[in-house]
Amino acid sequence: DIVMTQSPDSLAVSLGERATINCKSSQSVLYSVNNKNFLSWYQQKPGQPPKLLIYWASTRESGVPDRFSGSGSGTDFTLTISSLQAEDVAVYYCHQYYSSPQTFGQGTRLEI
Amino acid sequence: EVQLVQSGGGLVQIGGSLRLSCTASGFTFDDYAMHWVRQTPGRGLEWVSGISWNSGSIDSADSVRGRFTISRDNAKNSLYLHMHSLRPEDTAFYYCAKGPYTRSWFDHWGQGNLVTVSS
């Protein structure tokens, strides 16, 4: 199984500042045939299901604010929130869908 | 608006069975793969099983293979998870989720159902 490891486990950032969450996969999730990284990012607030933010490592889902961006390739990925808003307090997860079983990172708790 | 409304869940004894349901609306159900994902405080998010639009491709995690069966009824816009031989470690919130594909991101999620397996 591909192991997804996020860092840090928790993060406190001031309002308006940049937040950066890292995700490392135990093997590459880059599919050479289409040159796409099979990686997505989710935001989960208390009492709610996860919400899709990013897929193909860097494609923002429709309706997601442009302060959220994804980057990286191969085994190392980053979710960046350019200017933290109060409503961004949540747990963030990365997810690989390159191979079965699909696996998630352990989550990063983001606080103000 | 895409909606995934879940039902089922609850308390079940060790070794028992349970069926979860997920009824979809707001999109053409039989155009998309569907999945079950579970979540526990200890193990985080865990993909359980996925099914293609026509049920032609089904995949499951090793931890549930042979005990859980995913199925869908496109005429009823419904997804199911039939769970048998339940174990305490199956205790979790279970979410249905919409793919585009059997190997893909999950763009919409149900509200979740708690399944508790206990003696």
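For the structure itself, consult the block above.
Residues numbered from 1 in each chain as written. Chains lettered and ligands numbered in written order. Predicted model: local features only at pLDDT ≥ 70, side-chain atom pairs only at ≥ 80, totals over all residues. Heavy atoms only, no water.

*Asks:* Quick question: what am I supposed to make of the overall build of chain A here?
*Replies:* For chain A, the helix and strand inventory stands at 0 helices and 13 strands. When the elements of chain A are put in sequence order from the N terminus, they spell out β-β-β-β-β-β-β-β-β-β-β-β-β. Against the 2.2 N^0.38 benchmark of 13 Å for 112 residues, chain A shows a C-alpha radius of gyration of 13 Å, consistent with a compact globule. Taking the principal axes of its C-alpha atoms as reference, chain A extends roughly 40 × 25 × 20 Å. Across the 112 residues that make up chain A, the buried fraction comes to 48%. Considering only residue pairs separated by 6 or more positions, chain A has 55% of its internal contacts joining residues 24 or more positions apart. Just so you have it, chain A exposes about 5,100 Å², and 45% of that area is on carbon and sulfur atoms. Treating the 8 positive side-chain charges of chain A as one cloud and the 9 negative ones as another, the clouds have centres 4 Å apart. (Helix = DSSP H or I, 4+ residues; strand = E, 2+ residues; numbered from the N terminus. Rg over C-alpha atoms; globule rule 2.2 N^0.38 Å. Buried < 20%, exposed > 50% of the residue type's maximum accessible area, 1.4 Å probe, protein only. Contact = heavy atoms within 4.5 Å. Areas by Shrake-Rupley, 256 points an atom, 1.4 Å probe, with all protein chains shown as cover. Lys, Arg positive; Asp, Glu negative; His and termini not counted. Charge placed at Lys NZ, Arg CZ, Asp CG, Glu CD.)

*Asks:* What should I look at first to understand the state of the cysteines in this one?
*Replies:* Note on terminology: a disulfide is the covalent bond linking the sulfur atoms of two cysteines. Residues and elements named next belong to chain B. Under the criterion given, the structure shown has 2 disulfides over all chains. Through a disulfide, Cys22 is tied to Cys96; the S-S separation comes to 2.1 Å. Where Cys22 bonds to Cys96 through sulfur, the torsion about that S-S bond is close to 60 degrees, and the disulfide is right-handed. Of this pair, Cys22 sits in strand E3 (residues 18-25) while Cys96 sits in strand E9 (residues 92-98); the two residues are 74 residues apart in sequence, bridging distant segments of the chain. Each member of the pair, Cys22 as well as Cys96, carries the same accessibility label: buried. (Disulfide = S-S within 2.5 Å.)

*Asks:* What exactly am I supposed to notice about the layout of surface pockets here?
*Replies:* By rolling a water-sized probe across the atoms, one finds the places where empty space is left. Put simply, the largest pocket is a space of about 460 Å³. Lining the largest pocket are 23 residues, and of these Gln44, Tyr93 and Arg109 of chain A together with Gln39 and Pro41 of chain B lie nearest its centre. Secondary structure elements with two or more residues in the lining of the largest pocket: strand E11 (90-96) and strand E13 (108-111) of chain A together with strand E4 (34-40) and E9 of chain B. The leading source of residues in the lining of the largest pocket is E9 of chain B, at 3 residues. (1 Å grid on protein atoms, 1.4 Å probe; cavity = no way out; pocket = protein on both sides within 12 Å on 5 of 7 lines; lining within 4 Å. Points joined across faces, edges and corners; volume = space filled by probe spheres on them.)

*Asks:* Honestly, the side chain of Thr80 of chain A in this entry has me stumped. Any pointers?
*Replies:* Following the sequence through the fold, Thr80 of chain A ends up in strand E10 (residues 76-81). Here Thr80 of chain A falls in the buried class, since its relative accessible area comes to 10%.

*Asks:* It is not clear to me how the interface of chain A and chain B should be interpreted in this structure. Could you clarify?
*Replies:* Interface size, as often reported, equals the accessible area lost upon joining of the parts. The interface of chain A with chain B comprises 20 residues on the first partner and 16 residues on the second. When chain A packs against chain B, close to 1,600 Å² is buried across both sides, 62% of that on carbon and sulfur atoms. The largest per-residue losses of area from chain A upon contact with chain B belong to Pro50, Gln102 and Phe104 of chain A, which jointly make up 33% of the total buried on that side. Summed over the shared surface of chain A and chain B, the number is 6 residue pairs in polar contact (both at pLDDT 80 or more). Those elements giving two or more residues to the side of chain A that touches chain B turn out to be strand E6 (39-44), strand E7 (51-55) and E11 of chain A. Looking at the side of chain A that touches chain B element by element, the count peaks at 3 residues for E6 of chain A. Looking at the side of chain A that touches chain B residue by residue, the classes come out as 12 nonpolar, 7 polar and 1 charged. (Buried area = accessible area lost by both parts, 1.4 Å probe. Polar contact = N/O pair within 3.5 Å; in protein donor to acceptor, adjacent residues only side chain to side chain. Nonpolar A, V, L, I, M, F, W, Y, C, P; charged D, E, K, R; others polar.)

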